[in-house]
Amino acid sequence: MDIIIQYIKDNPTLIIANIIAFVAVAVTFISYQVNSQKKLLVIRIIATVISAVSFMVLGAWTGFAMNCVAILRNVAYYNKDKKPFDSKLVPYVFTAIMIGFGIATWTEWYCVLSVAGLVINTIALSSPSAQLIRGSILVTSPMVLLYDLLAGNIVEAVKELIAIVPAVIGIVRYRKGKKQE
């Protein structure tokens with residue numbers, strides 16, 4: 001027990017960031033079980049705001065920047081039926097912004113994993129299909145997991161590892177042939 005107490009005393013920022021990330025993880029898991037893009041996006045916006053804060057506390061600036069852009073992207077996708085968000089160029093604009101911020105915040109080789117994962121997710125989120133969004137988790141989670149581990153956001157890394165399970169459950173639950181919202 002003394003080792004745990006000493007670890008907490010020596011790493012308060014890491015502990016605080018991971019507590020914040022835990023809240024983001026709980027909200028994210030809820031998002032995998034909704035069956036409409038709009039509901040999924042609202043819940044993901046909330047989770048992404050909380051996640052951005054955890055990366056900011058860690059000083060993991062690529063993770064923070066990618067989450068900030070993801071918040072704006074998700075708001076744009078939520079409003080995709082309104083101008084100027086109804087353009088087919090929106091996913092590509094956000095992809096370019098993510099790449100630009102990724103270059104600007106690059107500190108280690110693994111930063112590219114966060115950028116690549118969120119770029120793929122950006123393209124998937126431009127689809128009206130909640131199933132495609134869930135499926136993108138199966139591709140992006142391993143990339144983001146490694147970034148999270150190397151950046152010190154252990155809870156977010158565990159989320160990415162576990163995220164595959166509710167994503168698969170959602171894919172099976174709302175498989176083709178079942179009514180979509």
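Scoring rules and cut-offs
Residues numbered from 1 in each chain as written. Predicted model: local features only at pLDDT ≥ 70, side-chain atom pairs only at ≥ 80, totals over all residues. Heavy atoms only, no water. 1 Å grid on protein atoms, 1.4 Å probe; cavity = no way out; pocket = protein on both sides within 12 Å on 5 of 7 lines; lining within 4 Å. Points joined across faces, edges and corners; volume = space filled by probe spheres on them. Helix = DSSP H or I, 4+ residues; strand = E, 2+ residues; numbered from the N terminus. Nonpolar A, V, L, I, M, F, W, Y, C, P; charged D, E, K, R; others polar. Phe/Tyr/Trp six-rings, centres within 6.5 Å; stacked < 30°, edge-to-face > 60°. Buried < 20%, exposed > 50% of the residue type's maximum accessible area, 1.4 Å probe, protein only.

Enquirer: How do you make sense of empty space enclosed by the protein when you look at a structure like this?
Expert: Taking a probe equal in size to a water molecule and rolling it over the atoms shows the remaining empty space. In this structure the tally under the stated criterion is 1 cavity of 30 Å³ or more. In this structure, the largest cavity occupies an estimated 360 Å³ of space. Along the walls of the largest cavity sit 31 residues, with R44, N67, L118, K159 and E160 positioned nearest its centre. Residue assignment for the lining of the largest cavity shows that the elements contributing at least two residues are α2 (12-31), α3 (37-58), α4 (61-78), α6 (111-125), α7 (130-151) and α8 (154-173). Its residues assigned to classes, the lining of the largest cavity shows 14 nonpolar, 11 polar and 6 charged.

Enquirer: I would appreciate a short explanation of the packing of aromatic side chains in the present structure.
Expert: Any pair of aromatic rings gets described here by the distance separating the centres and the angle formed by the planes. Applying the stated criterion to the full structure yields 4 aromatic pairs. Ring centres of F55 and Y147 lie 6.0 Å apart, and the angle between their planes is 35°; this geometry places the pair in the tilted category. Of this pair, F55 sits in helix α3 while Y147 sits in helix α7, and the two are 92 residues apart along the sequence. In this pair, the class of F55 matches that of Y147, namely buried. On the basis of an interplanar angle of 50° and a centroid distance of 5.7 Å, the ring pair of Y110 and Y147 is categorised as tilted. Pair noted here: Y110 is in the loop between α5 (90-105) and α6 and Y147 is in helix α7, with a separation of 37 residues, a long-range link. The residues Y110 and Y147 share a single accessibility class, namely buried. Of the aromatic side chains, those joined through ring pairs into one cluster are F55, W109, Y110 and Y147.

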